[in-house]
Every structure is written in C-alpha cells, then in structure tokens.
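Examination of the molecular architecture
What follows is the residue order along each chain.
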Amino acid sequence: MQIQKHLLLSPAPGTQRELLSLHYGQTGGPKAYIQASLHADELPGMLVAHHLRLKLNALQAAGRISGEIILVPMANPIGLSQYALHMHMGRFEATTGENFNRHYPDQIDTAALAAEPELGSDAARNVQVLRRELKKAVTAAEADTELKSLRRTLMALSCDADIVLDLHCDAQAVMHLYTETPCWPECEALARYLGARVTLLAQDSGDSPFDEACSQVWWKWAKRFEDRFPVPQACLAVTVELRGAADVEHGLAEADAQNIINFLCHRGLISGAAAPMPAAVGDARPLAGCMPIKAETAGVLTFLRQAGETVKAGDVLAHVICPLSGAVAELKSPVDGLFFARDFVRFASAGMKVAKVAGREALRSGKLLGA
Ligand SMILES: [Zn+2]
C-alpha cells in the first residue's frame, strides 16, 4: 500500500492542511475510489474506512487485490477542524457557508472537446480517452481557495474510477443510498450487499454533489455523442448513508466494511470467490418521491415512529408541542412509504424539516437535495 499526501491551498501564512489517500493494488485495471466523511461531522464512514483499511491491508498481503483501490479515510480536513461554541460544524465551510458536498466542478464540455477527435466505434477505447481528458481538465482547473483545492483534489483522485463510494450518514436513519438513475443497474448489487433499505434515484438532482459529479459525465457524454460514438455509463458513483450520526460502532462498521469488500470482490477488484449476494431488503425509489416532513410550528419534537418503519399516508410520525400553550401539532406522512430518516434534534423551529419518507411516486420537482 502506498500513502500519498495532497497539500491543500494554504488559506493563511503558517497554515496548510493535507489530505491522505491510501493506494492498493495496481493501476490499469478496474478502479474503485472510496472516501469517508466529506461531511466531516458524519463519523460512521471514518470508522468503516478504518475497518476497510485493515481488511485491504490483509488482502494486499495475501496478493488478492487485482484492481486499483483508493481509500481516502478522512476526506475533509477543513470541516474536521471547524468548531464553534463547542459544537462540531462539518457540513458547511465556515468561510463561505457552502456545503462541502455541493458545487463540484463540471469539466464535461472541456473533456468532451479534447477527446472528440480520438473517439470512434470502440466503446472501451472511448472510455479510456474520455477518462484521460477528464482527469487532465480536472487537474488543470483553477482552484483559488482552500475549499476549491479540496474539491479539485477529491475529483482528481476519483474522476477516472469505475466505482466511487462516498460514505456519509443521516441524523437517525436506516442504511440507504443515493445514486443517479443510469447507475441503478450496477448499484443494485451494492444495495443488496450493504442491506440498503432504499436507494433514492435522481438524474442531476441539483448543485452537483460529489457522487453526481463523478457519474453524470458519462450519461451526459452518451447523450452528446449519441448516434456518433458509443459511450457507456462507465462510473457507478453512490452516496452511501451509513444510518445515523451516532451509529459509530465496531460491529456495524466492520460488517459494512466487509460488505463493501464483498461487493468489490463481486466486481472483480479483489480475487477469490465473492460472498453470495444477499436477497434485497429494499428497493429503488425516485428521490423526487422522498417527502420531507415539516414542522409548521415550533416546539418540542417527539417522534411516534422509528426510522425504518413502513408508514401510510396520514400516519402521525411526530408531535410538536408548544411549551407555552400546550398545543400539540401532529406531523403526518403525506404518502405511503418508508420512514427512513429523522432528525436528532428535539426542538423544532417553525418550518424546519425534521424527517423523510420515501414514497414510490415522483411528486417533487426542482432541486431535490436539502441544504
Ligand atoms: Zn453527508
């Protein structure tokens, strides 16, 4: 295993952060890229990465890594150091207020223009050329702030991978995934190995989160070169939501790491017989059918249902109780679906979104991701 250090742009004299990437196997074959805790206060991924590292070290020693696997065990040194009033603030950069998992740069046109003269009827060759030009464009892009240099570093490590796993978590939740719709055929095996209760599908959900920046180049190029050059969906990129923020336990993390190894084995990046693929415990649903549950009034929030329960439209999921008047507001599910995530705060301000139910019907439009 090789360890590479990547220096981020120094935001002030005497200060420079670095990112570490662990490199297993060899280049030239299929490539997987896995990063943990891009939202730096979402810790389950960091513990899964710790177990992945132990397992990958052992597999490397046994000569079983046949592809290239890059593990970034902590993807956000900026967010990891942000504290205010004793609270860890790892989701938004303090300087700009920008979400660390949005606004990944779009190099689709630049790479397409550079690649076009070399494209032809051989899809595999087209993939190679497009990957090479994409990596060039990503690496050459300007990054004049520390945050942009972090985004560029992460994209440069991942943009030519066949498989990209971005390890996150929700507040209190069951295992679930986000991926772009064209990735679902390849994502299904991952969902089964990981035991995902739901996979939320969208195409260009808005504001370019990391996984979509990795996967959407391919379906956009496929559209652009339609009828001229074949371009397959050559990257499966998935945001893996490892349950809730407090689910940071060795038992869960070790099992999740093993499930990721089993998937990589199934995909041929690790040699040996893959563990049998478990039956699905969930399904894929439109992200546009994932309904936020909103507190219309402020008050003490108490949930009546647990994350993971199947609910019906009209079921009361939570109460919001005004401490002054004693008024109790009922928060109801607007749809039949899977109540898969809820907040961990227990005071709701007016208008706050406190939970999510995944329905089967696409009812929303516009930008589909929350802040
Ligand atoms: Zn996250």
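Quick look at the structure, then.

Calculation criteria
- Residues numbered from 1 in each chain as written.
- Predicted model: local features only at pLDDT ≥ 70, side-chain atom pairs only at ≥ 80, totals over all residues.
- Heavy atoms only, no water.
- Donors = N, O, S within 2.8 Å, 3.2 Å for Na, K, Ca; no water.
- Tetrahedral: all angles 85-135°; square planar, octahedral: opposite > 155°, others 65-115°.
- Helix = DSSP H or I, 4+ residues; strand = E, 2+ residues; numbered from the N terminus.
- Buried < 20%, exposed > 50% of the residue type's maximum accessible area, 1.4 Å probe, protein only.
- Core = buried A, V, L, I, M, F, W, Y, C linked by side-chain atoms within 4.5 Å.
- Contact = heavy atoms within 4.5 Å.
- Salt bridge = Lys/Arg side-chain N within 4 Å of Asp/Glu carboxyl O.
- Pairing = 2+ DSSP bridges.
- 1 Å grid on protein atoms, 1.4 Å probe; cavity = no way out; pocket = protein on both sides within 12 Å on 5 of 7 lines; lining within 4 Å.
- Points joined across faces, edges and corners; volume = space filled by probe spheres on them.
- Nonpolar A, V, L, I, M, F, W, Y, C, P; charged D, E, K, R; others polar.

1. Focus: the coordination of the zinc ion
In an ideal tetrahedron of four donors about a metal, each angle is 109.5 degrees. In an ideal octahedron of six donors, the angles are 90 or 180 degrees. Around the zinc ion, the donor atoms from the protein are His39 (ND1), Glu42 (OE), Glu42 (OE) and His168 (ND1), and they sit 2.0 to 2.5 Å away. Each of the 4 donor atoms around the zinc ion contributes to a set of angles spanning 55 to 146 degrees, which defines the coordination as irregular. Between consecutive donors of the zinc ion, the numbers of intervening residues give the motif H-x2-E-x125-H. With Glu42 in the loop between strand S3 (31-36) and helix H1 (44-61) and His168 in strand S7 (residues 163-170), this residue pair connects regions lying 126 residues apart in the sequence. Note on Glu42: relative accessible area 8%, which makes it buried.

2. Side note on unusual backbone geometry
Keep in mind that most residues, glycine aside, have a negative phi and that most peptide bonds are trans. You will see that His86, though not glycine, has its phi angle at about 70 degrees, which is positive. Structurally, the position occupied by His86 is in the loop between strand S5 (83-84) and strand S6 (87-88). Given the relative accessible area of 82%, His86 is considered exposed. Positive phi values are uncommon outside glycine, yet Ser208 reaches one of about 50 degrees. Turning to its location among the elements, Ser208 is positioned in the loop between strand S10 (198-202) and helix H7 (210-224).

3. Remarks on the nonpolar core
Within soluble globular proteins, side chains that are nonpolar generally end up buried alongside one another. Residues Tyr33, Leu154, Phe210, Trp218 and Trp221 are the most contacted members of the largest nonpolar core, which totals 41 residues. At the level of secondary structure, the elements contributing two or more residues to this core comprise strand S4 (68-72), helix H3 (108-115), helix H4 (123-140), helix H5 (146-158) and H7. Not counting chain neighbours up to four residues away, the residues in contact with Trp218 comprise Val127, Leu130, Arg131, Val231, Pro232, Gln233, Ala234 and Cys235. Val48, Ala189, Leu194 and Ile260 belong to the second largest nonpolar core, which has 40 residues in total.

4. Quick notes on the side chain of Lys31
Relative to the elements of secondary structure, Lys31 occurs in strand S3. For Lys31, a relative accessible area of 4% gives the class buried. Once residues lying within four places of it in the same chain are set aside, the contact partners of Lys31 are Glu68, Ile70, Lys135, Leu157, Asp160, Ala161, Asp162, Ile163 and Leu269.

5. Some details on the pattern of salt bridges
Counting across every chain of the model gives 25 salt bridges. Measuring nitrogen to oxygen at the nearest pair gives 2.9 Å for the salt bridge that ties Arg285 to Asp283. A relative accessible area of 11% means that Arg285 is categorised as buried. Between Arg305 and Asp315 there is a salt bridge whose closest N-O contact spans 3.4 Å. Taken together, the positions of Arg305 in the loop between strand S14 (299-303) and strand S15 (309-311) and Asp315 in the loop between S15 and strand S16 (316-321) put the pair 10 residues apart, joining distant regions of the chain.

6. Regarding the sheet that holds S14
Strand order in the open sheet made by the 4 strands is S17-S16-S14-S19, with antiparallel pairing throughout. Unpaired on one side and paired on the other, strand S17 (328-332) and strand S19 (347-348) mark the two borders of the sheet. The sheet contact formed by S14 and S16 spans 4 bridges and is antiparallel. Residue pairing across strands places Thr302 opposite His319, the latter belonging to S16.

7. Section: the layout of surface pockets
Its boundaries defined by the atoms lining it, the largest pocket holds a volume of some 1,400 Å³. If you list the elements that add at least two residues to the lining of the largest pocket, you get S6, S7, strand S9 (176-180), S10, H7, strand S11 (236-244), strand S13 (290-294) and strand S20 (353-358). The greatest single-element share of the lining of the largest pocket, amounting to 4 residues, is contributed by S20. A per-class count over the lining of the largest pocket returns 23 nonpolar, 9 polar and 15 charged. Quantified by volume, the second largest pocket comes out at close to 330 Å³. Every element with two or more residues in the lining of the second largest pocket is listed here: S4 and H4. The leading source of residues in the lining of the second largest pocket is H4, at 6 residues. Residues that form the lining of the second largest pocket fall into these classes: 5 nonpolar, 5 polar and 7 charged.

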